[in-house]
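Read off the chains here:
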Amino acid sequence: MRRESRRAHWEKVYRGKGEDEVSWFEENPAPSLELIAVLGATSETLIIDIGGGASRLVDHLCDRGFRAITVLDLSEAALAAARSRLGERAARVRWIVADITAWRPTATYEIWHDRAAFHFLTEKHDRAAYVAHLSEGLRAGGHAIIATFGPDGPERCSGLPVMRYSPESLAETLGSAFKLVSSRRHEHTTPWGSRQSFQFSVFRHVTEEPWRRREAPAHRYPGK
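What counts and what doesn't
Residues numbered from 1 in each chain as written. Predicted model: local features only at pLDDT ≥ 70, side-chain atom pairs only at ≥ 80, totals over all residues. Heavy atoms only, no water. Helix = DSSP H or I, 4+ residues; strand = E, 2+ residues; numbered from the N terminus. Rg over C-alpha atoms; globule rule 2.2 N^0.38 Å. Buried < 20%, exposed > 50% of the residue type's maximum accessible area, 1.4 Å probe, protein only. Contact = heavy atoms within 4.5 Å. Areas by Shrake-Rupley, 256 points an atom, 1.4 Å probe, with all protein chains shown as cover. Lys, Arg positive; Asp, Glu negative; His and termini not counted. Charge placed at Lys NZ, Arg CZ, Asp CG, Glu CD. Expected span 1.5 Å × (residues − 1). Pairing = 2+ DSSP bridges. Right-handed = clockwise from strand over helix to strand, strands pointing away. Salt bridge = Lys/Arg side-chain N within 4 Å of Asp/Glu carboxyl O. Core = buried A, V, L, I, M, F, W, Y, C linked by side-chain atoms within 4.5 Å.

### Notes on the overall build of the protein chain
Okay, so step 1: Helix and strand content of the protein chain: six helices and nine strands.
Okay, so step 2: Rg of the C-alpha trace for the protein chain: 16 Å, near the compact-globule value of 17 Å for 224 residues, within the 12% margin.
Okay, so step 3: When its C-alpha atoms are laid out on the principal axes, the protein chain stretches across 45 × 40 × 35 Å.
Okay, so step 4: With 224 residues in all, the protein chain has 52% of them scored as buried.
Okay, so step 5: The contacts in the protein chain between residues at least 6 apart in sequence include a share of 72% that link residues at least 24 apart.
Okay, so step 6: For the protein chain, the computed accessible surface area is about 10500 Å², with 49% contributed by carbon and sulfur atoms.
Okay, so step 7: For the protein chain, the separation between the mean place of its 32 positive charges and that of its 29 negative charges on side chains is 3 Å.

### Regarding helix α1 (residues 3-16)
Along an α-helix, residues three or four positions apart point the same way, because every turn accommodates 3.6 residues.
Okay, so step 1: In this model, α1 (14 residues) spans 20 Å end to end at C-alpha, consistent with the 20 Å of a helix rising 1.5 Å per residue.
Okay, so step 2: Along α1, the positions that sit buried rather than exposed are Arg6, His9, Trp10, Glu11, Val13 and Tyr14.
Okay, so step 3: Taken together, the buried residues of α1 touch α4 (76-86), α5 (124-137) and β7 (160-161).

### Regarding the pairing of strand β4 (residues 109-115)
Okay, so step 1: Of all seven residues that make up β4, six are buried, and the element is covered over most of its length.
Okay, so step 2: Across four bridges, strand β1 (residues 47-50) lies against β4 in parallel orientation. Counted as the bridge partner of Ile48 is Trp112 from β4.
Okay, so step 3: Bridge analysis of β4 against strand β5 (residues 138-149) gives six bridges, and the strand direction is parallel. When the bridges of β5 are listed, His113 appears paired with Ile145.
Okay, so step 4: For the crossover from β4 across α5 to β5, the handedness is right-handed.

### Some remarks on the pairing of strand β8 (residues 178-189)
Successive residues of a regular strand alternate their side chains across the two faces of the sheet.
Okay, so step 1: Alignment of β8 against strand β9 (residues 195-205), held across eleven bridges, turns out to be antiparallel. What sits directly across from Ser183, in β9, is Ser201.
Okay, so step 2: Taking the residues between adjacent antiparallel strands as the criterion, β8 and β9 are bridged by five residues, where Gly193 takes a positive phi near 95 degrees.

### Here's the deal with unusual backbone geometry
Okay, so step 1: Although it is not a glycine, Ala116 adopts a positive phi angle of roughly 75 degrees.
Okay, so step 2: Tracing the backbone through its elements, the reader meets Ala116 in the loop between β4 and α5.
Okay, so step 3: A residue is classified by how much of its surface remains accessible, and Ala116, at 14% relative accessible area, is buried.
Okay, so step 4: Of note, Ser158 is a non-glycine position whose phi angle comes to about 55 degrees, a positive value.
Okay, so step 5: Tracing the backbone through its elements, the reader meets Ser158 in the loop between β6 (156-157) and β7.
Okay, so step 6: Given the relative accessible area of 27%, Ser158 is considered partly exposed.

### Some thoughts on the pattern of salt bridges
Okay, so step 1: For the structure shown, the criterion picks out 14 salt bridges.
Okay, so step 2: We note a salt bridge from Glu44 to Arg67, for which the minimum N-O separation is 2.0 Å. Of this pair, Glu44 sits in the loop between α2 (30-38) and β1 while Arg67 sits in the loop between α3 (57-63) and β2 (69-73), and the two are 23 residues apart along the sequence.
Okay, so step 3: Residue Glu44 is classed as partly exposed on the basis of its relative accessible area of 32%.
Okay, so step 4: We note a salt bridge from Glu76 to Arg83, for which the minimum N-O separation is 2.6 Å.

### A look at the environment of Ile69
Okay, so step 1: Secondary-structure assignment places Ile69 in strand β2.
Okay, so step 2: Separated by 15 residues in sequence, Ile69 and Ser84 have C-alpha atoms that sit 16 Å apart.

### Some details on the nonpolar core
Burial of nonpolar side chains together is a common tendency in soluble globular proteins.
Okay, so step 1: Ranked by size, the top nonpolar core spans 39 residues in total, and within it Trp10, Ile36, Val58, Leu61, Ile69, Val93 and Trp95 carry the most contacts.
Okay, so step 2: Sorting the residues of this core by element identifies α1, α2, α3, β2, α4, β5 and β9 as the ones contributing at least two each.
Okay, so step 3: With residues up to four places along the chain from it excluded, the contact list for Trp10 reads Trp24, Leu74, Ser75, Phe120, Ser158 and Leu160.
Okay, so step 4: If you look at the next biggest cluster of nonpolar residues, it comprises 27 residues, including Ile50, Trp103, Ala117 and Leu134.

Right, dumping it as C-alpha cells:
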C-alpha cells in the first residue's frame, strides 16, 4: 500500500469510529506494561510507542510517572483523540504525526514499543525501511517490544492484509542486529468478544553500526 493510501485509510478509521469501536482497543494494555516493567524502565527511560494511535498505553505510563514518552502515528485524528483524553497531561508527551516507513529519528530511545503496527507492513521495502529506522532510533543495548498477530492470528485487520509472525520468524525479519530475549503469547479479546492471537517479542539491539558511533542528539521533552 502506498504511504498516501495508508495515511488516508487510518484517518478514515479514526475519524469514523470511537476508540473503543476498533478491534485492537484495550482498556488496560497489561502485556505491554508488564514487559516495560520487566525491562527495568524508570520515569526517565526514553520510550517511543510506534503506531500508538489512540492507545491507552500512554495514559498508563503517565499514571506511573514516566516523563520521557513519545507517541508516533500516521493518523492525526488518532493522536488528537489521545491528546484530548489526556487533557493537561498531554503536554508531557511528545507527539509525532508520521509514517514509520518515512520517518527518520532525531534521537535514540531506550525502549521501542510497537503493538500491531509492524504486522501491517506487507511489502518487503516497507519492512526494510521500518528495520532501518528501528536501528537508527533504538540505542545500542536498548530493547524493542514488538507485538504482532501470531501464526494462528487473523490474516486481515481493519480491512487490510497483515503479516503473521512467530518469535523466530520476526527475529529473522529484523536481522542479526536484534537478539530475541523473550516472547509470550497473548489472547486479545476485541470489544465485541472475538479472540485474536498475538505474539509479544522482546529484542535487544546488540550491534552498533558505524554511523551510530557519533553521540545522538539529546531528546528534549515538554517541561524539561
